[in-house]
Amino acid sequence: MKVLVTGGLGFIGANFVRFLSRARPAWKIVNLDKQTYAGNPANLAGLKVLTIKKDICDAKAVDAAMKGCDYVVHFAAETHVDRSILDAGAFLKTNILGTQVLLDAALRHKATRFLHVSTDEVYGSIPKGYSKEGDHLEPNSPYAASKAASDLLVRSYFVTHKAPVLTTRASNNYGPYQYPEKALPLMITNFMEDKPFPQYGDGKQVRDWLHVRDHARAILTVLEKGALGEVYNIGGSYTCQNRELIQKVLKLMKKPNGLVTRVEDRKGHDRRYALDCSKLKRLGFKHEYDFERGLAQTISWYINNEAWWRPLKVAGGYRAYVKKAYKK
Ligand code: NAD
Ligand code: TYD
């Protein structure tokens, strides 16, 4: 079995490649990744995986990478909501056009399964209850809109071309190797430096937290057992407000509970995400991580791997982004 993974140098892609190389050691993995600011070869250190450093929008490179691949697991994307608010261009190119280039190549090369990794953000904010796979898509950020567009494109290839596609929509992931612009690694690494976490607005926004290794296992479950053309939610079954999460992390790290600065709220900030995962559970999937244990382990990982995140936070590009994004 040969699998093409896109975005394997990123947070979830790298955790998936690490998991897959243990779970299916006979499978050959090829990783196609442009290595943007979020792609880091250190995330796959120690693994024997061929990484092709190319853009998923480059049809020739995608065609070459796709040769002989049975399965495709598509993670590559621009992923940070705040960056999409500052500049949406790269989001539309990579997340929509890149997905189209991959779908066309997968059809040409007769890949037998194409799993498109998407997000709960395509449903938009849900004040109560849980989003189900058949719900309307109401994306509110340019990032979410670009992912919703790619989901619809994947759906259209199933109907039009009978492409063998599957779509997963996951909630907020946490765990090792997450780039420190996202809330949780930013929080942990700031607290390690006794710096405050910038809480957007009142901090009452709710997120559904999923351990990245549970996400990786769920993706393999859907890849092997999912019905073609279907969408599967992958939530973490643990929701909380951001302000509760901040207090939990402060307590676990034994830091003073005032280490928070309230900053201007994100534009169009979704108040609540929560996923119904009964369809995934019907494939036999069970979570391995409970949030308390997963969070404590994640904090330990960042404490023990300062050599991984420190260079990312001092890089010029990161500092310039932080200055622009948090200027108010
Ligand atoms: P990430 O930002 O950590 O990594 C993205 C990876 O894609 C990087 O390695 C980057 O180099 C690569 N990439 C970006 N543009 C590319 C291009 N044009 N060509 C080739 N490679 C390119 O992202 P992540 O958090 O690991 O997310 C992976 C996927 O999971 C995304 O599709 C995202 O929408 C989805 N997702 C993420 C979360 C989350 O909580 N992080 C939740 C649900 C869904
Ligand atoms: P994030 O990790 O960016 O994920 P998403 O926006 O995709 O859910 O943010 C998680 C939550 O934390 C979200 O409600 C926004 C909030 N947040 C802050 O309050 N401050 C920050 O500096 C960041 C990056 C996020």
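Residues numbered from 1 in each chain as written. Chains lettered and ligands numbered in written order. Predicted model: local features only at pLDDT ≥ 70, side-chain atom pairs only at ≥ 80, totals over all residues. Heavy atoms only, no water.

Describing the site of ligand 2
- Close to ligand 2 lie 19 residues, the nearest being E121, P198, R207, R266 and Y326.
- The contact in question runs from an oxygen atom of ligand 2 to an N or O atom on the side chain of E121, over 2.4 Å.
- Its free accessible area being 510 Å², ligand 2 has 95% of it covered by the protein chains.
- At the level of secondary structure, the elements contributing two or more residues to the shell around ligand 2 comprise α3 (81-86), α6 (183-192) and β8 (197-200).
- Among the elements that line the shell around ligand 2, the one with the most residues is β8, at four residues.
- For the shell around ligand 2, the residue count by class is seven nonpolar, six polar and six charged.
- Inspection of the shell around ligand 2 shows a minimum of three residues originating in each of domain 1 (2-173 + 211-234) and domain 2 (174-207 + 238-272 + 290-325). (Near = heavy atom within 4 Å. Polar contact = N/O pair within 3.5 Å; in protein donor to acceptor, adjacent residues only side chain to side chain. Areas by Shrake-Rupley, 256 points an atom, 1.4 Å probe, with all protein chains shown as cover. Helix = DSSP H or I, 4+ residues; strand = E, 2+ residues; numbered from the N terminus. Nonpolar A, V, L, I, M, F, W, Y, C, P; charged D, E, K, R; others polar. Domains from an automatic or database assignment.)

Some remarks on the domain arrangement of the protein
- Examined at the domain level, the protein breaks down into domain 1 (2-173 + 211-234) and domain 2 (174-207 + 238-272 + 290-325).
- One C-alpha centre belongs to domain 1, the other to domain 2; they are set 24 Å apart.
- The interface of domain 1 with domain 2 comprises 28 residues on the first partner and 23 residues on the second.
- The contact between domain 1 and domain 2 buries some 2,400 Å² in all, and 48% of this surface belongs to carbon and sulfur atoms.
- The closest approach of N and O atoms between D82 and R266, which form a salt bridge, is 2.7 Å.
- Here domain 1 is connected to domain 2 by 15 residue pairs in polar contact (both at pLDDT 80 or more).
- Examining the composition of the side of domain 1 that touches domain 2, we find that five residues originate from one element, α3, more than from any other.
- Split by residue class, the side of domain 1 that touches domain 2 holds 11 nonpolar, 12 polar and five charged. (Contact = heavy atoms within 4.5 Å. Buried area = accessible area lost by both parts, 1.4 Å probe. Salt bridge = Lys/Arg side-chain N within 4 Å of Asp/Glu carboxyl O.)

A short note on the pattern of salt bridges
- Scanning the entire structure with this criterion turns up 17 salt bridges.
- Here E193 ties to K195 by a salt bridge, and the two come within 3.6 Å at their closest N and O atoms.
- The partly exposed category is assigned to E193, whose relative accessible area is 24%.
- Because the salt bridges share partners, they merge into one network encompassing E193, K195, E306, R310 and K313. (Buried < 20%, exposed > 50% of the residue type's maximum accessible area, 1.4 Å probe, protein only.)

As for helix α2 (residues 59-66)
- Restricting attention to buried positions, one finds in α2 the residues A61, V62, A65 and M66. Viewed along the axis of α2, the buried residues span an arc of 130°, placing them on a single side of the element.
- Turning to α2, the residues buried within the fold contact β1 (2-6), β2 (28-32), β3 (50-52), β4 (71-74) and α4 (89-108). (Arc of directions from axis to C-beta.)

Considering the sheet that holds strand β6 (residues 165-170)
- If you walk across this open sheet you meet the seven strands as β3-β2-β1-β4-β5-β6-β10, and the pairing is parallel. Only two strands of the sheet have a single neighbouring strand rather than two, namely β3 and β10 (231-234). Neighbouring strand axes in the sheet, compared pairwise and without regard to direction, differ in orientation by 20° on average. (Pairing = 2+ DSSP bridges. Axes fitted to C-alpha atoms, helices over the stretch in contact; angles between N-to-C directions.)

Describing the side chain of K279
- Tracing the chain through its elements places K279 in helix α9 (residues 278-281).
- Among the residues examined, K279 registers a relative accessible area of 17% and is labelled buried.
- The contacts of K279, once residues within four sequence positions are left out, are E133, E230, V231 and Y232.

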